[in-house]
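Single-letter residue listing:
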Amino acid sequence: MFQRHNRLQIELPPSPNSDANAAAALQELLGGKFGEMSTLNNYLYQSFNFRGKKKLKPFYDLVASITAEELGHVELVSTAINMTLTGGTNAGDPDSAPLKEGLNMRNSYFYIATGQTSLPGDSMGRAWTGDNVFSSGNLVLDLLHNFFLECGARTHKMRVYEMTDHPTARAMIGYLLVRGGVHVLAYAKALEIATGVDVKKLIPIPNLSNNEFEAARKYEAMGLGNKLYTFSPDDYKDVVLIWNGQNPQTGAKLEVIQGAPEGAPMPDLAELPEEFAPGISEEDFNEIARRLKRNAGL
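Residues numbered from 1 in each chain as written. Predicted model: local features only at pLDDT ≥ 70, side-chain atom pairs only at ≥ 80, totals over all residues. Heavy atoms only, no water.

J.: Would you mind going over the overall build of the protein chain with me for this structure?
T.: Within the protein chain, the secondary structure is distributed over eight helices and four strands. Ordered by position from the N terminus, the helices and strands of the protein chain form the series β-α-α-α-α-α-α-α-β-β-β-α. Its C-alpha radius of gyration of 21 Å places the protein chain within 12% of the 19 Å reference for a compact globule of 298 residues. Dimensions of the protein chain, computed from C-alpha atoms along their principal axes, come out at roughly 65 × 50 × 35 Å. Burial analysis of the protein chain (298 residues in total) assigns 47% to the buried set. As presented, the protein chain carries roughly 15600 Å² of accessible surface, and 53% of it is formed by carbon and sulfur atoms. Looking at charge distribution, the protein chain has the averaged site of its 28 positive side-chain charges lying 9 Å from that of its 35 negative ones. (Helix = DSSP H or I, 4+ residues; strand = E, 2+ residues; numbered from the N terminus. Rg over C-alpha atoms; globule rule 2.2 N^0.38 Å. Buried < 20%, exposed > 50% of the residue type's maximum accessible area, 1.4 Å probe, protein only. Areas by Shrake-Rupley, 256 points an atom, 1.4 Å probe, with all protein chains shown as cover. Lys, Arg positive; Asp, Glu negative; His and termini not counted. Charge placed at Lys NZ, Arg CZ, Asp CG, Glu CD.)

J.: How should I be thinking about the nonpolar core in this particular structure?
T.: Soluble globular proteins tend to bury their nonpolar side chains together. Counting residues in each nonpolar core, the largest one holds 40 residues, and the members touching the most others are Leu12, Leu26, Leu76, Ile81, Phe110, Met172 and Ile173. Mapped onto this core, the elements with two or more residues apiece are helix H1 (20-31), helix H2 (36-49), helix H3 (57-85), helix H4 (109-112), helix H5 (139-163), helix H6 (167-195) and helix H7 (214-221). At eight residues, H6 tops the list of elements feeding residues into this core. Those residues in contact with Leu76 that lie beyond four places of it in its chain are Leu8, Ile10, Leu12, Met172, Tyr175 and Leu176. Phe50, Ile66, Ala186 and Trp243 belong to the second largest nonpolar core, which has 29 residues in total. (Core = buried A, V, L, I, M, F, W, Y, C linked by side-chain atoms within 4.5 Å. Contact = heavy atoms within 4.5 Å.)

J.: Please explain the environment of Ala22 as it appears in this structure.
T.: Looking at the secondary structure, you find Ala22 in helix H1. In this structure Ala22 comes out as buried when scored by relative accessible area, which is 5%. Separated by 100 residues in sequence, Ala22 and Asp122 have C-alpha atoms that sit 13 Å apart.

J.: Would you mind showing me how to read the packing of H6 against H7 here?
T.: Helix packing geometry: the angle between the two helix axes and the distance between the axes. Two elements in contact, H6 and H7, have axes whose closest approach is 7 Å; the angle formed by their N-to-C orientations is 50 degrees. The angle between H6 and H7 places the two elements in the oblique class. Crossing handedness for the pair H6 and H7: right-handed. Counting all contacts with H6, which are made through Arg170, Ala171, Gly174, Tyr175 and Val178, the residues of H7 involved are Ala215, Ala216, Tyr219 and Glu220. Along the lines of polarity and charge, the residues of the contact of H6 with H7 split into six nonpolar, one polar and two charged. (Axes fitted to C-alpha atoms, helices over the stretch in contact; angles between N-to-C directions. Parallel < 35°, antiparallel > 145°, perpendicular 65-115°, else oblique. Left-handed = near helix turned anticlockwise from the far one by under 90°. Nonpolar A, V, L, I, M, F, W, Y, C, P; charged D, E, K, R; others polar.)

Encoded structure:
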């Protein structure tokens, strides 16, 4: 089972301006082949389908823990997209074409389909597909795939970072570069234990330190590149049998955190009357409040 907390994994800086094209690029990090929806669903189905959970518990605990973190990463990228889109249009008479800004943007779905919020697709508007899920049932093959998947995801994050200087987008990417580096190292260590091959010698891929990215430095300084969270108060403790020792890139001690990060408050998206979102007038809201009070016996 999953337990949900109404908090983001980190606090994102307020968006100083709307940049729909930056948001379109961020979509690749959400619904692209190497996006967070892909990492989530790869690990989710591998954890569902894992054979020999008791016999191979440390490996199961690793995949299960990272699965839970990826749920939050999907939420984080979606929120960054929503914040990056904020403020691009203004309310107005329908005949004034208040959404005409959408005609000049790469992804018109933002304006037509989702009310200027994220969508489960890539940077070109293609819907995410379950064809991106790899769950072979072979432990070594799945771990090797996961290592490759995380390296691909890291590459795409670096490229999107270089495409936009939007501060909200870059803060999100900087954090994910650090946390993705944890997952790369975790799967490399798991492969080494399973096969004896020192996969750690391959990293980092691309061969560039996270410290080269300004938005990632503070998260590295916080030690987030050395922590692996279980996202459970009591379960998945055997992940410590894999995640231990030193970070080969920094020499810092690796640490398992039983539970989840503290997180940050969830942003509240303002209404967009020009998108009819959420479409609740003041009169409707007052009527809803009366019904809620009546149902509560107040």
